[in-house]
Amino acid sequence: MLTSLLLAVSLQFSSPVNYPVSLAGNFGEPRPHHFHGGIDVKTQQAVGKPIFSIGEGYVSRITIGISGFGNAVYVQHPNGYTSVYCHLKDFVPVLRAVVSRHRKANGQSDIIDEYKKPSPPADIILPPSECPVSEGQLIAISGNTGSSQAPHLHLELHETKSWDMVDPLDFLPDLIKDTTPPMAHAFKAYPVMGEGVFCESPVQQWFPFNTHHLDRPFTAWGKVGFGIWANDYMEESYNKYGIRKTELMVDDELVFSSDVDKIPMDCNRMVNSWGDYPFFRYASVWFMKSFIEPGNTLPVIHANANRGIVDFNEERDYRLVYTLSDKFGNQSQYTFVVRGKKQTIPPKRTQHAPWVLHWDRMNNFQLPGVQLMVRRGLLPDDVEMNPTIVSKGGLSKVYRFTDVSYPLFNWATLSIRLDREVKDTDHLCILCDGDKEVEAEYHDGWVTGKIRDLGLSYEIGYKQK
């Protein structure tokens, strides 16, 4: 008992700022291709606020211009966690001296990118003895560097060994006071193709929550998944936040749940599968699915044996209840009834096997002049491709594999054949959508690189010098 209490105390940290905290963003908010990996602490719309270490430890790393963080400080703590402070304007003198020595050793000018001007990136690793810090010690000045739209502190907390992202609010219990529950805006029905219909239609449909209990009638037959568009809110802020916990009950049976408390870095892009990525591209709002696609192994989502898919196979009323909760115990519920009603289910369109990539196996797809290798673990589900080949008279033809953006969980391997001889093969690359360079290697008439989206165009080009 005493050991557990001491452990709980040792895992708590203190505020990174010396004023009441308001958040511009919370942990785990869905974004295209990634979850928000920390909390965004407002700095009163200004730069120059003091930033303090949330716990004792040592500065283990300083980065400049890496991963969109701008100027960033990493503090490794003895309890197994590392805190990361991003978008800083400047460092305290002892850390600035470390940066100066590093730049001079690499023949660079001693300039810190405090006004978002181009500056050579730096990634400096420090030994434990060089810059020890105590809890509450000043380490930096807040800013707006890197991929930041307004002045704020982006604070991340990672498990040091695994580098899994964890919710800083779990370790900063008194940082925020909040009594506002999450709010749902709409739910969406996802009939399984060839196996279900909703309101007599096989297409996806969404319906607004204008009240916590929808009285309008819904009907379904067969297998249907659901998703919800919702946000969390906090007092004294107009910002919208991600939902910490979601539960979907059907007739008192839990069919889906999520608790966004820890996200492995290699699962970041699975947000595109849990979230409705195509709808987000269309409407800029996230419906988060209450079912799990077979290739999605994101550990913060859980479902029953049917992966959260509801089978309406009896002519009766089914009661669906969504429960949304935040970190502070605030909770809201949304209910609606779906009546099981026998309806015609259109047959599933037959897939053309040569053009299908399968989520559960190694895929080696080839056409004249191109080869695509997508290993197991990169797809949320089987995907039917519609490849296009365009000849523009360049170094190669232009290839696209799906009609719209289709992001992968990680890197696939793409090889494109040169259509004509070139004198300088050392500067060849793969161009994505005409201008974005993909690092690639030339070998025996082929250029090979890594891609993460099937719906972009790819061709051989030259690196910009």
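Every value quoted in this text rests on a predicted model; they were computed, and no experiment measured them.

Engineer: Teacher, can you tell me more about unusual backbone geometry here?
Structural biologist: Backbone geometry follows two general trends: most residues other than glycine have a negative phi, and most peptide bonds adopt the trans configuration. Positioned with a positive phi, H33 is a non-glycine residue whose angle comes to about 75°. Following the sequence through the fold, H33 ends up in the loop between β2 (30-31) and β3 (34-35). For S67, which is not glycine, the phi dihedral falls at a positive 60°. With respect to the helices, strands and loops of the structure, S67 is situated in the loop between β6 (57-64) and β7 (71-76). We classify S67 as exposed; its relative accessible area is 63%.

Engineer: I'm lost on the sheet that holds strand β35 (residues 446-453) in this one. Help?
Structural biologist: Think of a sheet as strands paired side by side through backbone hydrogen bonds, with each pair either parallel or antiparallel. A sheet is described by the order of its strands in space; here five strands give the open sequence β26-β27-β31-β35-β34, paired in antiparallel fashion. Strands with a single pairing partner mark the edges of an open sheet, and in this sheet they are β26 (363-367) and β34 (440-443). The average angle at which neighbouring strand axes cross in this sheet is 20°, direction not considered. The pairing of β34 with β35 spans four bridges and is antiparallel. Each residue of the ladder has a partner; that of H443, found in β35, is W446.

Engineer: Hey, could you run me through the packing of aromatic side chains in this one?
Structural biologist: Inspection of every chain in the model, using the stated rule, returns 30 aromatic pairs. Their ring planes at 55° and their centres at 6.2 Å tell us that W206 and F287 sit as a pair that is tilted. Note that W206 is positioned in strand β15 (residues 205-208) and F287 in the loop between α4 (277-283) and β20 (288-289), a separation of 81 residues in sequence. What makes W206 partly exposed here is its relative accessible area of 43%. Assessed through its relative accessible area of 0%, F287 is described here as buried. Connected via pairs of aromatic rings, a cluster forms that spans F187, F198, F207, F209, F218, F226, F312, Y318, Y334 and F336.

Parameters and conventions
Residues numbered from 1 in each chain as written. Predicted model: local features only at pLDDT ≥ 70, side-chain atom pairs only at ≥ 80, totals over all residues. Heavy atoms only, no water. Helix = DSSP H or I, 4+ residues; strand = E, 2+ residues; numbered from the N terminus. Buried < 20%, exposed > 50% of the residue type's maximum accessible area, 1.4 Å probe, protein only. Pairing = 2+ DSSP bridges. Axes fitted to C-alpha atoms, helices over the stretch in contact; angles between N-to-C directions. Phe/Tyr/Trp six-rings, centres within 6.5 Å; stacked < 30°, edge-to-face > 60°.

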